[in-house]
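Now for the letters of each chain:
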Amino acid sequence: MGKTLFDKVWDAHVVEEIPGGPHVLYIDKHLVHEVTSPVAFLGLDNRGIKTFRPQNTVATPDHNIPTINQDQPIKDKLSRMQVDKLTENTTRHGITLYGLNHPYQGVVHVIGPELGITQPGMTIVCGDSHTATHGAFGSVAFGIGTSEVEMVLATQCIMQPKPKKMLIRVNGKLGNGVTSKDLILYIISKISASGGTGYFIEYAGDAFTSLSMEGRMTVCNMSIECGARGGLIAPDETTFNYLKGKEFAPKGEEWNKKLTYWKTLYSDKDATFDKVLTFDAADIEPQITYGTNPGMGMGITQKVPVQDDITYKKALDYMKVQAGKSILDTPVDYVFVGSCTNGRIEDLRQFTEAVKGKKKAENVTVWIVPGSKQVEKQAIAEGLDKVLQSAGIALRQPGCSACLAMNDDKVPEGKLAVATSNRNFEGRQGPGSRTMLASPLTAAAVAIAGKIVDPRNFI
Amino acid sequence: MSIDKFVTIKTSCVPLAIENVDTDQIIPARFLKATERKGFGDNLFRDWRYDAANNPIASFPLNNPKYSGKILAGGKNFGSGSSREHAAWAIYDHGFKVVVSSFFADIFKNNALNNGLLPVQVSEKFLQELFIEIEKNPKVEIEVNLEKQIIQITSTGTKETFDINPYKKECMLKGYDDIDYLLNIKDKIEAYEKKVNN
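The structure displayed is predicted, hence computed values, not measured ones.

(A) Region of the structure containing the overall build of chain A. In terms of regular secondary structure, chain A is built from 16 helices and 18 strands. Over its C-alpha trace chain A gives a radius of gyration of 21 Å, about what one expects of a compact globule, namely 23 Å for 459 residues. Seen through its C-alpha atoms, chain A measures out along the principal axes to roughly 55 × 55 × 45 Å. Burial statistics for chain A: of 459 residues in total, 66% are counted as buried. Considering only intrachain contacts with a sequence separation of at least 6, the fraction spanning at least 24 residues in chain A is 74%. Accessible surface, chain A: about 15500 Å² in total, of which carbon and sulfur atoms supply 50%. Each charge class in chain A was averaged separately, 50 positive and 49 negative side chains, and the resulting centres sit 2 Å apart.

What follows is the structure in structure tokens.
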């Protein structure tokens, strides 16, 4: 019987199958950041052991760091200590660190792909649920807890039960003003915030294959928001063209050897999935969330659904939206463009193009946060910062920023933000903050209008 | 290094009858800045337990003196969102040994098991009955027997079996952790590396 893409990659990394138990899975690449790693390093110290394969781990600080004045010491003492701890731990363990102000520093899921660290057929983990991003290259990539970070550091392996497999096929072409972000928000709204739990998703169909690598990353990134550990897309010419020449991508003869292998990474025609879902790209309009989990999303012109249960009503009360009503024209206080979901150069270009020659609304504070130093450099080289400046918007410095508000980029209590990040949980962007998730294009239209608007009327 | 053993428990239960309790609620991101594993229990459900002025919110179950016990029961899709193990640490550190729900997010479930916190997945019917029984009598005792994989509401006698991976069950019963296991098969891991690199 044929194998799925997921089976091919997973099975090639099984060191041992424990009868009635999990698989011992070998990890090719391990990404580390400052928040979920210190206790893991402490665990190694307590056991008196060193990192087993330091060359397979790469670290960068991203969650805690300020997005202005990065040349100065971090003001928040606890954040500074955590970032310093990462430097100390990685130095002691011989792990490569792209520290603050290093030209390769950035959000861990942005730098992996842009440096060519992420490659097809790999197993990739990180103590961060958005590790799913790297599945865009046809790798098996997923988030892990700190105990598992310690396992990878100690043995380059983790123990995992093999997940079930789901195929999500979307055929057709995305409409004008509809982006990869809308595509994944649409899918999550259809299958709910828990519809993918227990599964690994493969995305197939021309709605995905026609996307750029960055668009595919946005899709795979949010697999966790429907509960799936990860999502992946079979590598193709788009993938190979993206990777070729990247800093850590294979070169010369090694490239040819790898390419031959990568071309075998697809689901066989007779492979079977535990669940198959099909959607039509033509049904998708620009999306926006109205509730407090990413499954509570809808087309931007739709009315908020009516549902009679406590959890649902609690969410609408928190968001101050009304069931049965449209959210168009709702005034917005903050716009955030950035994160591992939408902090790449194409996202910044899309936003900048849409605000070009216009002014941001006076009632809106706009934060544009590049996903990495390289994205920041590219944006400046293309003059995006100047265009933004003319619109009354500043380009900040790279980091996770207001996606989870561990640094000072916090949306104040009660204020409403339209964000291109991945989670609209209560207080996610700061205690009492309210978040509506959308694409960079929608964020641009909102920044100009100062209220929720359909981006199709702006392009 | 090891986890605390878990065999059986009989205790009252704190109900949290809300669905999709995400890890940002269990422990908000701004409390993840520690470099050691301690004190997370103080900030468990911080923004649901305390208002902006740090006063306890009386209506939240953890602040309600009528509820107590070492079992936390939450609605469907408990532990969704971020992979932060701090969520499992905070619940455990607060004194809970078991979390009951009709559905758990994958990463949370793994993190709980790796810390000796037992996730018990029950049917929606059982969960709703549990919430009703707790409302009738907040001191009602719940018994969880890991060896037999049974959870029982003692007042009604209603019981249900729950699933757990046999390997993980053994780890919980004996207090073993995965790292010990992996460190013991280093030779196999090295043999795998050799095979792949040839």
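After that view, the rundown keeps rolling.
(B) Main features of the packing of aromatic side chains. Residue and element names in this part refer to chain B. In the structure shown here, the tally under the stated rule is 20 aromatic pairs over all chains. Where Tyr167 meets Tyr181, the ring centres are 5.7 Å apart and the plane angle is 80°; that geometry is what we call edge-to-face. With Tyr167 in helix H6 (residues 166–174) and Tyr181 in helix H7 (residues 178–184), this residue pair connects regions lying 14 residues apart in the sequence. Overall, Tyr167 belongs to the buried group, its relative accessible area being 10%. Overall, Tyr181 belongs to the partly exposed group, its relative accessible area being 26%. Seen from the ring of Tyr50, Arg46 lies directly overhead, with NZ or CZ sitting 4.5 Å from the centre.

(C) Region of interest: the sheet that holds strand S12 (residues 275–280) of chain A. Residue and element names in this part refer to chain A. Taking strand neighbours across the sheet as the criterion, the 4 strands line up as S11-S10-S9-S12 in an open arrangement whose pairing is parallel. At either margin of the open sheet sits one strand with a lone partner, and together these are strand S11 (230–232) and S12. Each neighbouring strand pair of the sheet contributes to a mean axis angle of 20°, computed without reference to strand direction. Of the pairings in the sheet, the one linking strand S9 (residues 164–171) to S12 comprises 6 bridges and is parallel in character.

(D) The interface of chain A and chain B, seen in detail. Every contact between the two is made by 64 residues of chain A and, on the other side, 52 residues of chain B. Interface area for chain A against chain B, summed over the two sides, is near 4900 Å², with a carbon-plus-sulfur share of 60%. Between Asp180 of chain B and Arg47 of chain A there is a salt bridge, and its shortest N-O distance comes to 2.9 Å. Taken together, the connections running from chain A to chain B amount to 24 residue pairs in polar contact (both at pLDDT 80 or more). For the side of chain A that touches chain B, the secondary-structure elements that each account for two or more residues are strand S1 (14–17), strand S2 (23–26), helix H2 (38–47), helix H3 (77–93), helix H5 (146–155), strand S8 (157–160) and helix H11 (310–319) of chain A. It is H5 of chain A that contributes the most residues to the side of chain A that touches chain B, 7 residues altogether. Here the residues of the side of chain A that touches chain B are counted per class, giving 28 nonpolar, 22 polar and 14 charged.

(E) Region of the structure containing the state of the cysteines. All chains considered together, the criterion is met by 0 disulfides over all chains. Not part of a disulfide, Cys157 of chain A finds its nearest cysteine sulfur in Cys171 of chain B, a span of 16 Å. Classification of Cys171 of chain B by relative accessible area gives buried; the value is 4%.

(F) Inspection of the packing of H2 of chain A against H3 of chain A at higher detail. All names here are of chain A. Two elements in contact, H2 and H3, have axes whose closest approach is 10 Å; the angle formed by their N-to-C orientations is 40°. Comparing their axes, H3 and H2 come out oblique. Helix-helix and strand crossings are classified by hand; for H2 and H3 the assignment is left-handed. Contacts between H2 and H3 pair Pro38, Phe41, Leu44 and Asp45 from the former with Gln82, Lys85, Asn89, Arg92 and His93 from the latter. A class-by-class count of the residues in the contact of H2 with H3 yields 3 nonpolar, 3 polar and 3 charged.

(G) Broad picture of the side chain of Ser433 of chain A. Residues and elements named next belong to chain A. Here Ser433 is to be found in the loop between strand S17 (416–419) and strand S18 (434–437). From its side chain, Ser433 meets the backbone oxygen of Gly430 in a polar contact 2.6 Å long. Not counting residues within four places of it along the chain, the set of residues in contact with Ser433 comprises Tyr318, Val411, Pro412, Glu413, Gly414, Lys415, Gly427 and Arg428.

(H) Examining the environment of Leu42 of chain A more closely. Residue and element names in this part refer to chain A. Along the chain, the position of Leu42 falls in helix H2. The exposure class assigned to Leu42 is partly exposed, which follows from its relative accessible area of 28%. In this structure the C-alpha to C-alpha distance between Leu42 and Gly399, which are 357 residues apart in sequence, comes to 25 Å.

(I) Representation of the sheet that holds strand S5 (residues 96–97) of chain A. Residue and element names in this part refer to chain A. Overall, parallel pairing links the 5 strands, which are arranged S5-S4-S3-S6-S7 in an open sheet. Single-partner strands in this sheet number two, and they are S5 and strand S7 (140–143). Sheet topology places strand S3 (residues 29–32) next to strand S6 (residues 123–126); 3 bridges connect them, and they run parallel. Each residue of the ladder has a partner; that of Leu31, found in S6, is Cys126.

(J) Seen up close, the pattern of salt bridges. Applying the stated criterion across every chain yields a total of 34 salt bridges over all chains. The residue Glu376 of chain A makes a salt bridge to Lys373 of chain A at a minimum N-O spacing of 3.5 Å. Placement of both Glu376 of chain A and Lys373 of chain A in helix H14 (residues 373–381) is noted, with a separation of 3 residues, approximately one turn of the helix. Accessibility classification places Glu376 of chain A together with Lys373 of chain A in one group, the buried group. Lys38 of chain B serves as the salt-bridge partner of Glu36 of chain B, at 3.5 Å between the closest nitrogen and oxygen. According to the relative accessible area criterion, Lys38 of chain B is exposed, its value standing at 58%. Taken together, the salt bridges that share partners define one network made up of Lys3, Asp7, Asp11, Lys162 and Lys165 of chain A.

Each value, and the rule that gives it
Residues numbered from 1 in each chain as written. Chains lettered and ligands numbered in written order. Predicted model: local features only at pLDDT ≥ 70, side-chain atom pairs only at ≥ 80, totals over all residues. Heavy atoms only, no water. Helix = DSSP H or I, 4+ residues; strand = E, 2+ residues; numbered from the N terminus. Rg over C-alpha atoms; globule rule 2.2 N^0.38 Å. Buried < 20%, exposed > 50% of the residue type's maximum accessible area, 1.4 Å probe, protein only. Contact = heavy atoms within 4.5 Å. Areas by Shrake-Rupley, 256 points an atom, 1.4 Å probe, with all protein chains shown as cover. Lys, Arg positive; Asp, Glu negative; His and termini not counted. Charge placed at Lys NZ, Arg CZ, Asp CG, Glu CD. Phe/Tyr/Trp six-rings, centres within 6.5 Å; stacked < 30°, edge-to-face > 60°. Lys NZ or Arg CZ within 6 Å of the ring centre and 35° of its normal. Pairing = 2+ DSSP bridges. Axes fitted to C-alpha atoms, helices over the stretch in contact; angles between N-to-C directions. Buried area = accessible area lost by both parts, 1.4 Å probe. Salt bridge = Lys/Arg side-chain N within 4 Å of Asp/Glu carboxyl O. Polar contact = N/O pair within 3.5 Å; in protein donor to acceptor, adjacent residues only side chain to side chain. Nonpolar A, V, L, I, M, F, W, Y, C, P; charged D, E, K, R; others polar. Disulfide = S-S within 2.5 Å. Parallel < 35°, antiparallel > 145°, perpendicular 65-115°, else oblique. Left-handed = near helix turned anticlockwise from the far one by under 90°.

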